[in-house]
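Descriptive analysis of the structure
Given next are the chains, with one letter for each unit.
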Amino acid sequence: MQVIVARYTDPLEAQIAGGLLQAEGIAVHVGDTHTALANWEWRLAIGGVKLHVAAAQAERARDVLRRLDAGEFALPSEDDAASVSATPVDRESLSSRLAWIALVVLSLPVPWRRRRSGTGDTST
């Protein structure tokens, strides 16, 4: 038997919560998503987007959703992220940029060479 563990007025928020439940190993069905997206004015009338789980997993699902609301799964702030991560790796090379320009300007697809990972070689 399926039970409703949460209701959301925003379908995207419901999808995120449903994805978290799936990541935690809980089988979930996100109901009324398409109706809420197609007819946004009906969201409150239909009771929002609902998360359905098996009755045996309902308490565990509610616990995960409480932890989500409490911010336990929040990403680190910019200050914390700046101290942890370095600058992103530039994966583009000069030849890839030239190939993109040839495609846009001349409508001519040109193959390019990717920069080898781990090397500082910028000539490719």
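Higher on the page you've got the structure.
Every chain is numbered independently, its residues counted from 1 as its sequence is written. Per-residue local features are limited, in this predicted model, to residues with pLDDT of at least 70; the limit for side-chain atom pairs, both in listing and counting, is 80 or more; totals at the level of whole chains, interfaces and linings are taken over all residues. Calculation of side-chain values draws on the structure's entire complement of heavy atoms; hydrogens and water are dropped beforehand.

**Thoughts on the overall build of the chain**
Going by this rule: Only DSSP runs of H or I covering at least 4 residues are called helices, and only runs of E covering at least 2 are called strands; the numbering of each starts at the N terminus. Working definition: with a 1.4 Å probe on protein chains only, accessible area under 20% of the residue-type maximum means buried, over 50% means exposed, and in between means partly exposed. Each accessible area is a Shrake-Rupley result for a 1.4 Å probe, and residues are judged covered by the shown protein chains and nothing else.
Of the regular secondary structure elements, the chain holds 5 helices and 3 strands. Beginning at the N terminus, the succession of helices and strands in the chain can be written as β-α-β-α-β-α-α-α. Evaluated residue by residue, the chain yields a buried proportion of 25% over its 124 residues. Approximately 9,100 Å² of the chain is accessible, and the part contributed by carbon and sulfur atoms is 58%.

**Considerations on the pattern of salt bridges**
How we decide: When a carboxyl oxygen of Asp or Glu lies within 4 Å of a side-chain nitrogen of Lys or Arg, that pair is called a salt bridge.
Using the criterion set out here, one finds 3 salt bridges in the structure. A salt bridge links D32 to K50; the nearest nitrogen and oxygen atoms lie 2.4 Å apart. Of this pair, D32 sits in the loop between β2 (28-31) and α2 (33-38) while K50 sits in strand β3 (residues 49-54), and the two are 18 residues apart along the sequence. The partly exposed category is assigned to D32, whose relative accessible area is 32%. Residue K50 is classed as buried on the basis of its relative accessible area, which comes to 9%. The partner of R67 in a salt bridge is E72, with the nearest N and O atoms 3.1 Å apart.

**Some points on the nonpolar core**
Where we set the bar: By nonpolar core we mean a set of buried residues, namely Ala, Val, Leu, Ile, Met, Phe, Trp, Tyr and Cys, connected to one another through side-chain atoms within 4.5 Å. Every residue pair with non-hydrogen atoms within 4.5 Å of one another is taken to be in contact.
In this structure, V5, Y8, L21, L51, V53 and L65 are the most contacted members of the largest nonpolar core, which totals 19 residues. Counting only elements with at least two residues in this core, the list comes to β1 (2-8), α1 (11-23), β2, β3 and α3 (58-69). With residues up to four places along the chain from it excluded, the contact list for L21 reads I26, V28, L51, V53, A61, V64 and L65.

**Re α1**
Because an α-helix completes one turn every 3.6 residues, residues spaced three or four positions apart along the sequence face the same direction. Put simply, the test is: By this rule the span expected of a helix is its residue count minus one, scaled by 1.5 Å. Think of a polar contact as two N or O atoms within 3.5 Å of one another; within protein, one of them needs to be a possible hydrogen donor and the other a possible acceptor, and neighboring residues in sequence only count if both atoms come from side chains.
In a regular helix each residue adds 1.5 Å, so 13 residues correspond to 18 Å; α1 covers 18 Å between its end C-alpha atoms and thus fits that length. Within the sequence span of α1, burial applies to P11, A14, A17, G18, L20 and L21. Here the buried face of α1 lies against β1, β2, α2, β3 and α3. Sitting at the amino-terminal end of α1 is D10, which places a side-chain oxygen 3.2 Å from the backbone nitrogen of L12. A positive phi of about 90° marks G25, the residue just after α1.

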